[in-house]
Amino acid sequence: MENKTGKYFKYAIGEIVLVVIGILIALSINNWNENQKNAQWEQRFLKDLRNELQSDLSQLNNSYGIQAKKGETLKNLMQLIQKGNSDKKSEIDSVFVSTQFVNPTFFPTTGVYDSGIASGKIENIKNDSLKYMITNLYNHYYKRLVYNGEILDGVVGKVDWEKSKFYNPNKKQIKSWESVLDSEFYNQMDFLMHQNIVYTKISKENIDQIKNVINIVDKEINNND
């Protein structure tokens, strides 16, 4: 009887061990499958993000180039005004007109990043340093640039709205030398120039940061291919 009982317990223990092993194998397979899915998602996400960032970089480079050129023109305008020579009036008119071109500011494309955040899967990025760089770019650099772009747009809009006080659009010239020396005109141009300086500086910081993120993303993609 004792022998039969011993055999029964051995058999039962063996069955339990087999069940446990089966569960562990199933969990291991499930974890492996989940890790594979996460790795595949990460690769797709990084490739899509790279395309999104390259598009942003192209847009921002274009905006930066125009704003930097406009900044130099505004600086030239302020220097001409500060010289206080009425003989410079026609040159000031010409320079002022050239500052009235389009005012491109940057608005990033965020669809890929937003989808990663909304799904919660952005946490699947294994490289913690890269994950931080990506979130910092979108949540800090981009937001700061857009905010300052909105300020610049507001300044440009104010100048455009109020320029009838001192500018004759038909003759494409400032109405008089007195208008050039008017403190309101000077302050508007000075504020516009300094906001342009702030915006181009932040734009350059964003360009450098986007390039850094793209470089790290490329390395991560190549390492996982």
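I will try to describe carefully the structure that is included in this document. Since the structure is predicted, the reported quantities are computational estimates derived from the model, not experimental observations.

1. A few points about the overall build of the protein
In terms of regular secondary structure, the protein is built from six helices and two strands. Secondary structure elements in the protein, listed N-terminal to C-terminal, are α-α-α-α-β-β-α-α. Classification of the 225 residues of the protein by burial places 36% in the buried group. Here the analysis covers contacts within the protein between residues at least 6 apart in sequence; of these, 85% occur between residues at least 24 apart. Carbon and sulfur atoms form 55% of the exposed surface of the protein, whose accessible area is close to 13500 Å².

2. Examining the environment of Val-97
Summarising the element assignment, Val-97 is placed in helix α2 (residues 89-98). The exposure class of Val-97 is partly exposed, given its relative accessible area of 25%. Residues Val-97 and Pro-169, 72 residues apart in the sequence, show an inter-C-alpha distance of 9.4 Å. Not counting residues within four places of it along the chain, the set of residues in contact with Val-97 comprises Tyr-167 and Lys-172.

3. Focus: the pattern of salt bridges
What the rule picks out here adds up to twelve salt bridges. With a shortest N-O distance of 3.4 Å, Glu-123 and Lys-131 are connected by a salt bridge. Taken together, the salt bridges that share partners define one network made up of Glu-123, Asp-128 and Lys-131.

4. Quick look at the nonpolar core
Counting residues in hydrophobic clusters, the biggest one holds 48 residues, and the most contacted among them are Leu-53 and Ile-134. Elements with a minimum of two residues in this core: α1 (2-83), α2, α3 (111-119), α4 (128-162), α5 (177-181) and α6 (183-224). Discounting chain neighbours no more than four positions away, the residues touching Ile-134 are Leu-46, Leu-49, Tyr-113, Ile-125 and Val-213.

5. Comments concerning the packing of aromatic side chains
All chains considered together, the criterion is met by eight aromatic pairs. Note on Tyr-113 and Tyr-138: the rings are 4.2 Å apart at their centroids and 5 degrees apart in plane angle, and the pair reads as stacked. Here Tyr-138 lies in helix α4 and Tyr-113 lies in helix α3, a separation of 25 residues in the sequence. The pair formed by Tyr-113 and Tyr-138 is uniform in burial state, with each residue classed as buried.

What counts and what doesn't
- Residues numbered from 1 in each chain as written.
- Predicted model: local features only at pLDDT ≥ 70, side-chain atom pairs only at ≥ 80, totals over all residues.
- Heavy atoms only, no water.
- Helix = DSSP H or I, 4+ residues; strand = E, 2+ residues; numbered from the N terminus.
- Buried < 20%, exposed > 50% of the residue type's maximum accessible area, 1.4 Å probe, protein only.
- Contact = heavy atoms within 4.5 Å.
- Areas by Shrake-Rupley, 256 points an atom, 1.4 Å probe, with all protein chains shown as cover.
- Salt bridge = Lys/Arg side-chain N within 4 Å of Asp/Glu carboxyl O.
- Core = buried A, V, L, I, M, F, W, Y, C linked by side-chain atoms within 4.5 Å.
- Phe/Tyr/Trp six-rings, centres within 6.5 Å; stacked < 30°, edge-to-face > 60°.

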